[in-house]
Amino acid sequence: MRLTAIFCLLICVGSNPLSFLHAADTPGIVSKDPGQPAAVEIEGGGFMVPYTVTIPDSTVSFEMIPIPGGEFLLGSPAFEENRREDEGHQLRVKVEPFWIGKHEVTWAEYQNFMQQYEIFKKLDELRFTGTRMESAKKQLEAMPKVKEYLEKEALDVDAITCPTPLYDSSFTYGPGEEPEQPAVTMSQFAAKQYTKWLSGITGEQFRLPTEAEWEYAARAGTTTAYSFGDDAANIGDYAWTTDNADYQTHEVGQLKPNPWGLYDMHGNVAEWVLDEYVADHYSKLKEGVTVAEAVAWPVKLFPRSIRGGSWLVEAPDCRSAARYQSDDPEWTLSDPNLPTSPWWFTEEPATGVGFRIIRPLAPMNAELRKKVWDADIKRIEQDVADRLEEGRGVKVSADSRLPGATAEITLSQEDQ
């Protein structure tokens, strides 16, 4: 049966170029009923459908799945086996429609972002030398897309930072580095910057899900401990855990999906969400809150919330309601930097932490975009600023011109 979304534009359209209107030519929206079971009808006209995104200037793509709006019970009932106190009390939450990644973000996807570091360094160099040195001026004349990009760069609005090169790749890639394995060990801030970069170069609006949105998608209309029922004995058909993972991550999408067609919501790698981890947060919320009202916006560096369980845990920790928390000091013990990296962790269980992206149906206004994409506390802002000052980080503007500039720089470097 086709799912019907309740479309209520709670978040106003901002003036940023990333904002878009919902129309038949918008990615993932069609005007006529496509006759697909996964199609989600939009109140007022049109249908949300699954669609594929190709990362600009690459051959890497991923699929986004539409999720209908509705209501669900966040948390677990008191009688659920292996339930923990931080999963209650249960309360009803209203959710607006969105698309979510069919899989966790893979190394193929994330490494496109990581590889931008050297490109960003070159852009940074040309930004400051292009008006001062004749050789740099000549370089820019030979790269018209780079020149146009730098002339219109908007660091005050679209600035992003790229992860610095890995300190110890053997650790980060220890559980697997194949293109279709999920990317791991990045911080929540790095994951948020990835979504800002991807949003800028594609013109769509991607972000991390909130805890409530994540659990809503994981449950996929179910009320049981797992999306496949209450019997943990069946988890091997759906999730990579300590029982079957053989101490590594696995290519996404190898096991069975949940009822809404999402893979690896249980196990493989746990997934960052936007929220700060607050053990008693649910008890502070009112029955029938919206997702926007349910978010625990971070006010300190850690702990942040993580969902879904990973290859490092057992079945009970992969339940739909199970909650995890980050522990930055413990997760960065091997990092020789002071302060430690704002982009990477260096210890387990960070080798089991990745992320999945969503795209809300309602466009985000400027205030919300800043919340979901940028550093949310002074400590992170300062850590990034310190690295920029030391030359160990780079800041550029992410917009639709960036892929063309990247391609020109890559080509010029190959010709040298």
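Since the structure is predicted, the reported quantities are computational estimates derived from the model, not experimental observations. (Residues numbered from 1 in each chain as written. Predicted model: local features only at pLDDT ≥ 70, side-chain atom pairs only at ≥ 80, totals over all residues. Heavy atoms only, no water.)

Draft legend 1. Representation of the environment of Gly 253. Mapped onto the elements, Gly 253 comes out in the loop between α8 (211-219) and β11 (270-276). Since its relative accessible area comes to 25%, Gly 253 is described here as partly exposed. Through-space distance from the C-alpha of Gly 253 to that of Asp 264 is 6.7 Å; in sequence the pair is eleven residues apart. Leaving out residues up to four positions away in the same chain, Gly 253 has contacts with His 103, Tyr 263 and Asp 264. (Helix = DSSP H or I, 4+ residues; strand = E, 2+ residues; numbered from the N terminus. Buried < 20%, exposed > 50% of the residue type's maximum accessible area, 1.4 Å probe, protein only. Contact = heavy atoms within 4.5 Å.)

Draft legend 2. View of the environment of Gly 203. Along the chain, Gly 203 falls in the loop between α7 (188-202) and α8. Residue Gly 203 is classed as partly exposed on the basis of its relative accessible area, which comes to 33%. Counting along the chain gives 55 residues from Gly 203 to Glu 148, while the straight-line C-alpha distance between them is 18 Å.

Draft legend 3. Local environment of helix α1 (residues 107-114). Of all eight residues in α1, eight are buried; the element is thus mostly enclosed. Every buried residue belonging to α1 is among Trp 107, Ala 108, Glu 109, Tyr 110, Gln 111, Asn 112, Phe 113 and Met 114, and all of these are buried. The inward-facing, buried residues of α1 abut β6 (61-67), α2 (116-129), β10 (159-161), α6 (169-172) and α7.

Draft legend 4. Main features of the side chain of Arg 359. Structurally, Arg 359 is set in strand β16 (residues 358-360). Since its relative accessible area comes to 0%, Arg 359 is described here as buried. A distance of 2.7 Å separates the side chain of Arg 359 from the backbone oxygen of Pro 27, its partner in a polar contact. Polar side-chain contacts of Arg 359 include one of 2.7 Å to the side chain of Tyr 51. (Polar contact = N/O pair within 3.5 Å; in protein donor to acceptor, adjacent residues only side chain to side chain.)

Draft legend 5. Broad picture of unusual backbone geometry. Each neighbour pair has its own omega, and for Phe 302 with Pro 303 the value is 0°, a cis peptide bond. Look at Asp 246: it is not a glycine, yet its phi comes out positive at around 55°. By the secondary structure assignment, Asp 246 is in the loop between α8 and β11. Unusually for a residue other than glycine, Asp 264 sits at a positive phi of about 60°. You can see Asp 264 is positioned in the loop between α8 and β11.

Draft legend 6. Broad picture of the nonpolar core. In this structure, Tyr 110, Phe 120, Leu 123, Tyr 194, Trp 197, Trp 272 and Phe 355 are the most contacted members of the largest nonpolar core, which totals 85 residues. Of all the elements, α7 adds the most residues to this core, at seven residues. Setting aside its immediate chain neighbours within four residues, Tyr 110 contacts Val 105, Pro 163, Ala 183, Met 186, Ala 190, Tyr 194, Trp 344 and Phe 355. If you look at the next biggest cluster of nonpolar residues, it comprises 25 residues, including Ile 65, Val 95, Ala 217 and Leu 285. (Core = buried A, V, L, I, M, F, W, Y, C linked by side-chain atoms within 4.5 Å.)

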